[in-house]
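Observations on chain architecture
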Amino acid sequence: YRVSLRYANGADVDMPLILRVDGTDVGEFNVSPTGNWTIWMVEGIDSVLLREGGNHSMELWTPVDRDESPYVDWLGLRLKESVTRFEYLATLLANETNVVSPSQTQISALIWMSSEDPLNWYSIMSDREIVERYSLVQFYYSTEGDLWSSNNEWL
């Protein structure tokens with residue numbers, strides 16, 4: 001999604017506003033001075049991930065303590081394009097881990113979760129739970145789980 005913000009900033013300095021979605025900081029608006037408090041500008045953040053279904057909360061907060069804050073007129077949310085389970089998981093893992101060059105077991109876990117996993121994690125789990133599930137699936141592949149004497153219902 002693209003999240004847009006219409007604001008006025010009559011102060012003489014930039015004022016960062018952090019976008020928090022469902023309790024997680026997902027981006028920062030660079031709120032530049034607009035000249036006065038009656039001139040409005042629009043700033044946007046691209047690639048904000050929202051899982052399908054359910055309600056989501058969005059908050060704006062500033063990491064600096066100032067006497068003045070920008071005026072916010074509205075927040076807009078626009079679907080850029082729908083994403084597959086694979087794209088969602090790959091983007092989530094890129095944002096949550098420091099993996100630059102994934103191993104074969106990491107790739108296998110990603111493919112299994114996005115195409116074969118019977119659990120509908122995409123709409124029922126938090127991002128943290130999804131990453132934890134991915135870690136367990138990766139453990140399965142890295143320890144040759146197919147060869148375990150008992151590998152049913154452990155996940």
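Everything below is about the structure shown above.
The following refers to the structure shown. Not measured: the values here are computed from a predicted model.

**Concerning the packing of aromatic side chains**
When we look at a pair of aromatic rings, we describe it by the centre distance and by the angle of the planes. Enumeration over the complete set of coordinates arrives at four aromatic pairs. Taken together, a centroid distance of 5.6 Å and an interplanar angle of 90 degrees make the contact between tyrosine 140 and tyrosine 141 edge-to-face. Note on tyrosine 140: relative accessible area 13%, which makes it buried. For tyrosine 141, a relative accessible area of 27% puts it in the partly exposed group. For the ring pair tyrosine 140 and tryptophan 148, a centre distance of 5.1 Å and an interplane angle of 75 degrees mean the geometry is edge-to-face. Cluster of aromatic residues (ring-pair linked, three or more members): Phe139, Tyr140, Tyr141 and Trp148.

**Examining the sheet that holds strand E1 (residues 2–8)**
Taken in spatial order, the three strands make up an open sheet running E4-E1-E6, and their pairing is antiparallel. Of all strands in the sheet, those bounded by a partner on one side alone are strand E4 (41–45) and strand E6 (71–78). The mean inter-strand angle of the sheet, taken between neighbouring strand axes irrespective of direction, is 20 degrees. As judged from the five bridges shared by E1 and E4, these two strands associate in the antiparallel manner. Counterpart to valine 3 in the pairing with E4 is isoleucine 45.

**Digging into the packing of helix H2 (residues 104–115) against helix H4 (residues 127–142)**
H4 packs onto H2 with a crossing angle of 125 degrees between their chain directions and a minimal axis gap of 8 Å. Classified by the angle between their axes, H2 and H4 sit oblique to one another. With respect to the hand of their crossing, H2 and H4 are arranged in right-handed fashion. For the pair formed by H2 and H4, the contact residues are Thr105, Gln106, Ser108, Ala109, Leu110, Trp112 and Met113 on the first element and Ile130, Arg133, Tyr134, Val137, Gln138, Tyr141 and Ser142 on the second. Its residues assigned to classes, the contact of H2 with H4 shows eight nonpolar, five polar and one charged.

**Examining the pairing of strand E2 (residues 15–21)**
Across the seven residues that make up E2, a large majority, six, are buried. Bridge count for E2 against strand E3 (residues 24–31) is seven bridges, and the pairing is antiparallel. The residue bridging arginine 20 from the neighbouring strand is aspartate 25, located in E3. Between the end of E2 and the start of E3, which pair antiparallel, lie two residues, with aspartate 22 showing a positive phi angle near 50 degrees. When E2 meets strand E5 (residues 58–61), the two strands line up antiparallel, connected through four bridges. Paired with arginine 20 across the strands is glutamate 59, a residue of E5.

**Section: the sheet that holds E5**
Pairing is antiparallel in the open sheet, where three strands are placed in the order E3-E2-E5. A single partner strand is all that each edge strand has here, and the edge strands are E3 and E5. Sheet twist, expressed as the average angle between the axes of neighbouring strands with direction ignored, equals 25 degrees.

Calculation notes
- Residues numbered from 1 in each chain as written.
- Predicted model: local features only at pLDDT ≥ 70, side-chain atom pairs only at ≥ 80, totals over all residues.
- Heavy atoms only, no water.
- Phe/Tyr/Trp six-rings, centres within 6.5 Å; stacked < 30°, edge-to-face > 60°.
- Buried < 20%, exposed > 50% of the residue type's maximum accessible area, 1.4 Å probe, protein only.
- Pairing = 2+ DSSP bridges.
- Helix = DSSP H or I, 4+ residues; strand = E, 2+ residues; numbered from the N terminus.
- Axes fitted to C-alpha atoms, helices over the stretch in contact; angles between N-to-C directions.
- Parallel < 35°, antiparallel > 145°, perpendicular 65-115°, else oblique.
- Left-handed = near helix turned anticlockwise from the far one by under 90°.
- Contact = heavy atoms within 4.5 Å.
- Nonpolar A, V, L, I, M, F, W, Y, C, P; charged D, E, K, R; others polar.

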